[in-house]
Each structure stands twice: as structure tokens, then as C-alpha cells.
Number of protein chains: 2
Amino acid sequence: MSTTSTPSANRDKVLATALILFTRKGYFNTSMRDITRESGVSTGSIYHYFRDKEGVALALYQSLIARMQEEFSAIMRRHDSTHDQCRAVVALLFRITESEPEVMTFMLYVKHREFLPEERPVCSSAPFEQMRAMVQRGMERGEIVHCDVLVASTCLFGGAIRMITSRLDGIVEQPLAHYLDDVWACSWRAVAAN
Amino acid sequence: MSTTSTPSANRDKVLATALILFTRKGYFNTSMRDITRESGVSTGSIYHYFRDKEGVALALYQSLIARMQEEFSAIMRRHDSTHDQCRAVVALLFRITESEPEVMTFMLYVKHREFLPEERPVCSSAPFEQMRAMVQRGMERGEIVHCDVLVASTCLFGGAIRMITSRLDGIVEQPLAHYLDDVWACSWRAVAAN
DNA sequence: TTGACTAGAACGATCGTTCGATCTATTTTG
DNA sequence: CAAAATAGATCGAACGATCGTTCTAGTCAA
């Protein structure tokens, strides 16, 4: 099967399937046989593209991190003030949570340490550092109250991020867009300079 | 029947060992053999006290939830205003994070759904509902700005909770007590009525 | 004697991974 | 240009390791 249209079509199929299964059932509850069955790609092919099961998870993780990093960079280019940048970040995260919940689940809600022991925690990945950089700059500009950068960015984004995990948990019933204005009002008030 | 339990020392030893191993290596990376080796309790004894591996995790989870529920109830009894209650909650969580990081890790940072599929998510467990109840009451009293209760409690505690997970991740280097005042200032400002 | 508890060898299932065979498309050779 | 050679993909049966759990036997207190 799978008349190779592009050489790496199967590679992408494996990654897409892994994202679904890893987020739905968890990494350890997903066997390689599950991935071959759901993706239609044979064991041999998977091991041709990836070193092992961990390699699949790693490739997935890095591709999602990279994507997020690009989107954040675009936001930083598009908006000037820290206020607008950070609000755009929250809006983006809310949007992705609704349209691609698996992506958000894998980024925020999966405990990577358990199956990617080499990898640093998500919180120290590039996108999170970009968020801290925005806050840092906002502090220098006087937009954000002067205090520890870690504290400020944690408080600024903490509410929104917990809102996302609550939504992924099914605690929040309405689409996140419905809460965006309220959440942002609270979040910004927490760190606004005046 | 059910005589007042003089709970077997071995049962507690298993739970204590499981807490350490589950949080250090993860549930799926911890084998029953690991638990027998580290606890010194034989396989047969473990299966005498617990139905299966999941039963160990479940007992652990429920005991920690119950303990937290009690501590929160004590806080609600001890303090009057919502402001003081919620601040005491954050202070307590920060304190536990430092003195018993495994407890906090297991409560906040472990993805229970993967090995306790029957259990509801942490966010809808009793302690989290207590937190929401405090906020609700604060809103009725006029201490907290009137908006969706879920939004308010998420924003009020979101920063602190993310601070905890960051600390558990090793991103935050100072003991959490060092940040308590700043974090609480931000958190309360996010939802304070005036 | 009974029943709660301890012990650890053994079992069956399942897992991640390997391996040799086969197919296909591209490149090299005669 | 045709044929042969090479390299990249694909496939799935089979392997060895490890897992959670069971089972039988034994201990000890009441």
C-alpha cells in the first residue's frame, strides 16, 4: 500500500498518528503496534525513519516546539507593545487549544520527562523563554511592574495556561474564546505597571 | 467488622516507596519489582494489601487528596476573609512544595489519567473545588471582582500553581517562600474588587 | 486450628526492537 | 539506450526481555 507520493509521506503519517495516540491514551499506553495499525505504516518503516519509540516522541516534540517558536516570533514582529504581544500569545494559545487540542495537550499537559529524559522541561523550552523575554522587555519599558521576571511572567501567563489545561480536562465547557477578555483583564491587571 | 485499623507497617512502607518512585521515575517506569526492592516488602504482601499496581496508585492518590482537603478545611476555619484564606492556601502549597516535593509533584504534576482512567482529573477533585468555593464566597462578599468563578479562581491561583510546577522543574532556584509576597501581590491584584 | 500476613518462584502476555526479504526508483555502467 | 547495480523504503514474522500478576507454601499470633 501507500504508493509513495513523497518519500516522507509515511514519516508524517507516523507523527500524526503518534500525536493522536500519545495524547489520547498516553505514551506508555500506546504500543508500537498501535501506531503501525492506526497509521498503516509497518514496523520496519517506522524504524527506518526513527531510531526507536522515544525517537518518534522526540521528533514530534521538537516539531511542535519549533512551530510554536515561529508563531511567537511572528507575534513579536507584528505587535509593538508588550501588552499587545502577550495578549496575542494568549489568544493564539486559546485558539490552538480549540482547533488542535492534541497539539496543546502534547505541549502543555504531557509529562515529557517520563519518556524524554534527556530533554529539558517544557518551561525552559524556546517558546517559554520567548514569553519571558517579552515580559522582561515590558518591564524595562515600564509597561509591567518591576519585580522578578520569573514571577511576573508566571503570574501573567499562569491564569491563561491553567485555563487551557482546565479546558483540556473538560472542566471548562465553553470554548476558550468566550473567556478570553475576562482572563486577559485579570492577567494583565496582575502585572500592569499602573 | 472493619476493626479500627492498626495499619500495617508494610502497607505504609509500600505507599511511601511508591510515592518516591512514581514521582522520581514515573508510574510506568516503576515496576512492581522496583517497589518490592526499594520497600523491602515482598510481591505477595503488596498484592495482599492492594488489588494491583493501579490500586497502589489509587490509594496513594486518594490519601493525598484527603490530606489536602483536611488542610484546606482547617484554613477555611482559621481565616475569615477570602483574601486571608486564599493567601494561606498559596502559602501552604508553597511550604509543602519545599518540604515534601514528592507530594506536590504527585498532586499537581503527575498525569493521573494515564494510570487512573476511572478517576476524575485533579482539577475537579475536592481540594480544587474548595478553592473555587472560597473564590465564590469572596465574590458574593464583594472582595473579588464579579466575573465567572472559574475564570477568577483560575487567575487567582494560576500564577502560584505555575510557580510551583516551575520550582519542581528546577526552573525556579530560590525556595518558594522567597517569592511568596510578590506572587501573592500579583495574584490578588488580578481579581481584587477594587 | 484458624486466618491474617509474608515470601518469592513461575507464568502468560505483551512490549520494543531486530532482521532478512522484497519492492521501487534512481544512478551507473557497458 | 538498455541493463545492471545501488540505495532507499517497506514489510511483518520472530526474538528476547520484562512486565504485572498468580499461586503455592510457609510463618506466626490468638
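Residues numbered from 1 in each chain as written. Chains lettered and ligands numbered in written order. Predicted model: local features only at pLDDT ≥ 70, side-chain atom pairs only at ≥ 80, totals over all residues. Heavy atoms only, no water.

Novice: Can you break down the protein's contact with DNA strand D residue by residue, with the values?
Specialist: Close contacts around DNA strand D come from 19 residues, with A:Asn10, B:Met32, B:Arg33, B:Tyr47 and B:Lys53 the closest. Restricting the count to atoms of DNA strand D within 4 Å of the protein gives a sugar and phosphate share of 55%. Contact distances for DNA strand D include 3.3 Å between a phosphate oxygen and a backbone N or O atom of A:Ser42. In this structure, B:Arg33 approaches DNA strand D through a side-chain N or O atom, which is 2.7 Å from a base oxygen. Taken together, the elements giving at least two residues each to the surface near DNA strand D come down to helix H3 (43-49) of chain A together with helix H2 (32-39) and helix H3 (43-49) of chain B. (Near = heavy atom within 4 Å. Polar contact = N/O pair within 3.5 Å; in protein donor to acceptor, adjacent residues only side chain to side chain. Helix = DSSP H or I, 4+ residues; strand = E, 2+ residues; numbered from the N terminus.)

Novice: Pulling in residues and values, what's your account of the state of the cysteines?
Specialist: Taken as a whole and judged by the stated rule, the model has zero disulfides over all chains. Note on A:Cys155: no disulfide assigned, nearest cysteine sulfur contributed by B:Cys186 at a separation of 4.2 Å. (Disulfide = S-S within 2.5 Å.)

Novice: Tell me what's going on with the confidence of the model for chain A, and back it up with residues and numbers.
Specialist: Low pLDDT marks stretches whose predicted atomic positions should not be read closely. Summarising the model, chain A shows a mean pLDDT of 95, and 96% of its residues fall at 70 or more. Throughout residues 1-5 of chain A the model reports pLDDT below 50, and contacts reaching past four residues in sequence, or to other chains, amount to three contacts. (pLDDT = per-residue confidence, 0-100. Contact = heavy atoms within 4.5 Å.)

Novice: Lay out the pattern of salt bridges in plain terms, naming residues and giving numbers.
Specialist: Scanning all chains against the criterion turns up 18 salt bridges over all chains. Notably, a salt bridge pairs A:Asp181 with A:Arg87, separated by 2.6 Å at the nearest N-O pair. Of this pair, A:Asp181 sits in helix H9 (residues 180-191) while A:Arg87 sits in helix H5 (residues 82-99), and the two are 94 residues apart along the sequence. Overall, the relative accessible area of 53% leaves A:Asp181 in the exposed class. Residue A:Arg87 is classed as partly exposed on the basis of its relative accessible area, which comes to 25%. Residue A:Asp169 pairs with B:Arg113 through a salt bridge whose shortest N-O separation is 3.6 Å. Remark: B:Arg113 occurs in the loop between helix H6 (101-109) and helix H7 (126-141) and A:Asp169 occurs in helix H8 (residues 149-169); the pair is interchain, linking two chains. (Salt bridge = Lys/Arg side-chain N within 4 Å of Asp/Glu carboxyl O. Buried < 20%, exposed > 50% of the residue type's maximum accessible area, 1.4 Å probe, protein only.)

Novice: Break down the packing of helix H1 (residues 9-25) of chain A against helix H4 (residues 53-78) of chain A for me, citing the residues and quoting the values.
Specialist: Residue and element names in this part refer to chain A. As a packed pair, H1 and H4 sit with axes 10 Å apart at the nearest point and diverge in direction by 90°. The orientation of H1 with respect to H4, classified from their angle, is roughly perpendicular. Judged by residue contacts, Arg11, Val14, Leu15, Ala18, Leu19 and Phe22 of H1 engage Lys53, Val56, Ala57, Ala59, Leu60 and Leu64 from H4. Here the contact of H1 with H4 is built from residues that sort into ten nonpolar, no polar and two charged. (Axes fitted to C-alpha atoms, helices over the stretch in contact; angles between N-to-C directions. Parallel < 35°, antiparallel > 145°, perpendicular 65-115°, else oblique. Nonpolar A, V, L, I, M, F, W, Y, C, P; charged D, E, K, R; others polar.)

Novice: Pulling in residues and values, what's your account of the protein's contact with DNA strand C?
Specialist: In the neighbourhood of DNA strand C, 16 residues make up the surrounding shell, with A:Met32, A:Arg33, A:Tyr47, A:Lys53 and B:Asn10 lying closest. Within the contact set of DNA strand C, a phosphate oxygen lies 3.4 Å away from a backbone nitrogen or oxygen of A:Thr30. In the model, a phosphate oxygen of DNA strand C is placed 3.2 Å from a nitrogen or oxygen of the B:Tyr49 side chain. Top element by residues in the surface near DNA strand C is H3(B). It accounts for five residues. A breakdown of the residues in the surface near DNA strand C according to their chemical character gives three nonpolar, nine polar and four charged.

Novice: Give me the lowdown on the relation of the copies chain B and chain A, citing residues and values where you can.
Specialist: Least-squares fitting of chain B to chain A yields an RMSD of 0.1 Å, with the transformation described by 0.0 Å of translation along the axis and a rotation of 180°. In short, the pair behaves as if placed about a two-fold rotation axis. A shared interface surface links the copies, since 97% of the contact residues of chain B are contact residues in chain A too. (Least-squares fit on C-alpha atoms with pLDDT ≥ 70 in both.)

Novice: Please set out the packing of aromatic side chains residue by residue, giving values where relevant.
Specialist: Considering all chains together, one arrives at eleven aromatic pairs over all chains under this definition. Taken together, a centroid distance of 4.2 Å and an interplanar angle of 15° make the contact between B:Tyr27 and B:Phe115 stacked. A residue pair is termed long-range when its members are at least 10 positions apart, and B:Tyr27 in the loop between helix H1 (9-25) and H2 and B:Phe115 in the loop between H6 and H7 qualify at 88 residues. Taken together, a centroid distance of 6.5 Å and an interplanar angle of 50° make the contact between B:Phe106 and B:Phe115 tilted. Taken individually, B:Phe106 and B:Phe115 each receive the classification buried, so the pair is uniform in this respect. Through successive ring pairs, a cluster of aromatic residues spans A:Phe22, A:Tyr27, A:Phe28, A:Phe106, A:Phe115, B:Phe22, B:Tyr27, B:Phe28, B:Phe106 and B:Phe115. (Phe/Tyr/Trp six-rings, centres within 6.5 Å; stacked < 30°, edge-to-face > 60°.)

Novice: Quick rundown of the interface of chain B and chain A? Include the residues and the values.
Specialist: Contact residues are listed per partner, giving 38 residues for chain B and 37 residues for chain A. Of the roughly 3,500 Å² buried where chain B meets chain A, counting both sides, 67% is carbon and sulfur surface. Among the residues chain B hides against chain A, the three largest losses belong to B:Lys111, B:Arg162 and B:Ile171. Together they make up 17% of the total. One can count two salt bridges joining chain B with chain A. (Buried area = accessible area lost by both parts, 1.4 Å probe.)

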